[in-house]
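# Examination of the molecular architecture
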Amino acid sequence: MLELLFLLLPIAALYGWYMGQRSARKAQDNQNNKFSRDYMTGLNFLLSNQQEKAVDFFLSMLQKQEQEDSDSVNFETEFEAELTLGNLFRSRGEVDRALFIHQKLDENPNYSIEQKLLVKQQIAKDFMKAGFYDRAENYYIMLLDEPEFAIHSLTQLMNIYQRTKEWEKAINIGEKLLKLTPQSDTIPLSHYYCEYSNVLNSSQKPYLDLLHKALTVNPNCTRASILLGDYYFSIKNYEAALIRFKKIIEQDPTYISEVLDKIEQCYIALNDLDRFESFLYRANEIKHNSIIDLALIKLIENKEGIIPAKSKLYQQVSQYPNILTFQRFIQYQIEEAEGNGKKSLILLDKMVDISISQREKYHCLSCGYKSFHLNWLCPSCRSWETMKPVESIDKIL
Ligand SMILES: [Zn+2]
């Protein structure tokens, strides 16, 4: 029902303007008034969620209109009725019928340029619904220069290029959209820069420029920070890599586990594990993460010995129960146990290990989709950056 309202609202808004422009000459004809009343009856069927009745009503209404003397035809109401009928077919998945009606309207010489633009937008939507993105693209490109249609067309072109993975085109359209609507969501555009940089070789000059652009449009783009950190890590500039990796705890600390190993390797290369320890405490203060707990316990064990490490682990397991720290807890217990108790703990460790290896490591916060791999674009709900590492959101064992 709500979908139908959304279907009708843009047309109603735009068409209201056209109708207003012509209201002076519109109202006199009784025949036309009847047709308008009929149209409202059809709309009422739609609004009361009686789609079948609405379709039948609109079809018979338009057939009657065709049989009338052409001089008495109210083209405006007929146009609106046909446009709505086409949209109704599209919303029911009958795209062929929607296209037939909309294309017929597009070819009708009785309609104005403004009405034709409205029709072209609906044809583009029909093609989108049918998955003919190249045809939809042509229509949306035609509408780009029309102020009333530009923002919608740019948004849809961005969706098309995102689906077809034409990242350079997606960037171009995303930048135009950002100029027209500076308050728009910049997360998709920042990922287009990252996606395009992935296509290039990191030795090519635009590679770093693209990642910096991603951070300019979206300063919280953790993906760009990870890619920049990876770049500096690959050329062994560890301090520069650390600056990028550590920025993630300010941008979105849920992703810090993605780079924790590399942060450790940077500090090892710089022979400065004290700074690594300080970083781990700070990161856990900002947002607790069991992966950080494990890194911290390993560091304490290497630096101060097993007893302080165990003590820290018991403290963390009690405060933040999690399967990863629980497994480490069992492993410490195995070292101390003997006989059958030890055998039972070894079996438990294996079972926990299987459980950990079988569970998905990433969850989408938007739709609940689970995956073993990090997808920056959720394959299910197609939202950017909504898939998060489980350890950052799951505190339950
Ligand atoms: Zn999702």
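None of the values given here were measured: they were computed from a predicted structure.

## Topic: the overall build of the chain
Helix and strand counts for the chain come out as 22 helices and 3 strands. Residue burial in the chain is summarised as follows: out of 397 residues, 46% are buried. Put simply, of all contacts in the chain between residues at least 6 apart along the chain, 53% involve residues at least 24 apart. Only carbon and sulfur atoms are counted for the fraction: they give 52% of the accessible area of the chain, which is about 20500 Å².

## Things to note about the sheet that holds strand β2 (residues 370–371)
With antiparallel pairing, 3 strands are arranged side by side in an open sheet as β2-β1-β3. Of all the strands in the sheet, the pair left with one neighbour each is β2 and β3 (387–389).

## Re helix α18 (residues 290–304)
With 15 residues, α18 should reach 21 Å at 1.5 Å per residue; the first-to-last C-alpha distance of 20 Å fits that figure. Within α18, the full set of buried residues consists of S290, I292, D293, A295, L296, I297, L299 and I300. Backbone nitrogen of I291 and a side-chain oxygen of the N-cap are separated by 2.9 Å at the start of α18; the cap is N289.

## Here we look at the coordination of the zinc ion
Taken together, the protein ligands of the zinc ion are C364 (SG), C367 (SG), C378 (SG) and C381 (SG), with distances of 2.3 Å. Exposure remark for C367: the relative accessible area of 37% places this residue in the partly exposed category.

## Re the packing of α18 against helix α19 (residues 306–319)
Put simply, α18 and α19 touch, their axes get as near as 7 Å, and they point 160° apart. It follows that α18 is roughly antiparallel to α19 by the angle criterion. For the crossing formed where α18 meets α19, the hand is right-handed. Contacts between α18 and α19 involve D293, L296, I297, I300, E301 and E304 on the former and, on the latter, I306, P308, A309, K312, L313 and Q316.

## Brief notes about the side chain of N218
Along the chain, N218 turns up in the loop between α12 (205–217) and α13 (222–234). With residues up to four places along the chain from it excluded, the contact list for N218 reads T186, I187, S190 and E385.

## Re the UniProt feature "binding site: Fe cation" (unreviewed entry) in the chain
Sequence positions flagged by UniProt for "binding site: Fe cation" (unreviewed entry) are, in local numbering, C364, C367, C378 and C381. Taken along the chain, the residues just named run across 18 residues; in space they keep tight, none of their C-alpha pairs more than 8.7 Å apart. Relative to the helices and strands, C367 resides in the loop between β1 (362–364) and β2. If near-sequence neighbours (up to four positions away) are discounted, C367 is found in contact with C378, S380 and C381. Residues contacting C381, with those up to four places away along its chain left out, are C364, S366, C367 and T386.

## Points about the pattern of salt bridges
Between side chains of opposite charge, a pair can form when the charged atoms approach closely. Here the structure, examined in full by the defined rule, presents 17 salt bridges. For R223, the salt bridge is made with E195, and the minimal N-O distance between the two is 3.1 Å. Of this pair, R223 sits in helix α13 while E195 sits in helix α11 (residues 187–199), and the two are 28 residues apart along the sequence. Since its relative accessible area comes to 18%, E195 is described here as buried. Among the salt bridges present, the one from R275 reaches E239, with a minimum N-O distance of 3.2 Å. Note that R275 is positioned in helix α17 (residues 273–286) and E239 in helix α14 (residues 238–246), a separation of 36 residues in sequence. Look at R275 and you get partly exposed, because its relative accessible area is 31%. Shared partners join several salt bridges into a network, and the residues in it are R92, E94 and R97.

## Looking at the nonpolar core
Among the nonpolar cores identified, the biggest contains 80 residues, and Y140, Y192, I256, I263, F276, F279 and L280 are the most heavily contacted of them. Formed by 9 residues, the second largest nonpolar core is a distinct cluster that contains A54, F58, L85 and A98.

## Concerning unusual backbone geometry
Residues other than glycine seldom take positive phi values, yet K236 does so here, at roughly 65°. Structurally, K236 can be placed in the loop between α13 and α14. K236 sits in the exposed class, given a relative accessible area of 61%.

## Side note on the side chain of T325
Residue position: T325 is located in helix α20 (residues 323–336). Looking at T325, its side chain comes within polar contact range of the main-chain oxygen of N322, at 3.2 Å. Residues within four places of T325 in sequence aside, it is in contact with S290, D293, L294, L313, V317 and Y320.

## Things to note about the UniProt feature "repeat: TPR" (unreviewed entry) in the chain
In the numbering adopted here, UniProt assigns the feature "repeat: TPR" (unreviewed entry) to residues 151–184 and 222–255. Span residues 151–184 is 79% helix and 0% strand, its end C-alpha atoms 11 Å apart. When the span residues 222–255 is considered, its composition is 76% helix and 0% strand, and the gap between its end C-alpha atoms is 8 Å.

## Let's talk about α19
With 14 residues, α19 extends 20 Å from end C-alpha to end C-alpha; this agrees with the ideal 20 Å at 1.5 Å per step. The set of residues buried in α19 consists of A309, K310, K312, L313, Q316 and V317. Summarising the axial view, the buried residues of α19 lie within an arc of 165°, below the 170-degree limit, and thus occupy one face. What points out from α19, more than 90 degrees from its buried face, is the exposed set I307 and S318. Of the surrounding secondary structure, the elements contacted by the buried residues of α19 are α17, α18 and α20.

Cut-offs used in this document
Residues numbered from 1 in each chain as written. Predicted model: local features only at pLDDT ≥ 70, side-chain atom pairs only at ≥ 80, totals over all residues. Heavy atoms only, no water. Helix = DSSP H or I, 4+ residues; strand = E, 2+ residues; numbered from the N terminus. Buried < 20%, exposed > 50% of the residue type's maximum accessible area, 1.4 Å probe, protein only. Contact = heavy atoms within 4.5 Å. Areas by Shrake-Rupley, 256 points an atom, 1.4 Å probe, with all protein chains shown as cover. Pairing = 2+ DSSP bridges. Expected span 1.5 Å × (residues − 1). Polar contact = N/O pair within 3.5 Å; in protein donor to acceptor, adjacent residues only side chain to side chain. Donors = N, O, S within 2.8 Å, 3.2 Å for Na, K, Ca; no water. Axes fitted to C-alpha atoms, helices over the stretch in contact; angles between N-to-C directions. Parallel < 35°, antiparallel > 145°, perpendicular 65-115°, else oblique. Left-handed = near helix turned anticlockwise from the far one by under 90°. UniProt positions renumbered as here; feature names shortened; annotations may be inferred. Salt bridge = Lys/Arg side-chain N within 4 Å of Asp/Glu carboxyl O. Core = buried A, V, L, I, M, F, W, Y, C linked by side-chain atoms within 4.5 Å. Arc of directions from axis to C-beta.

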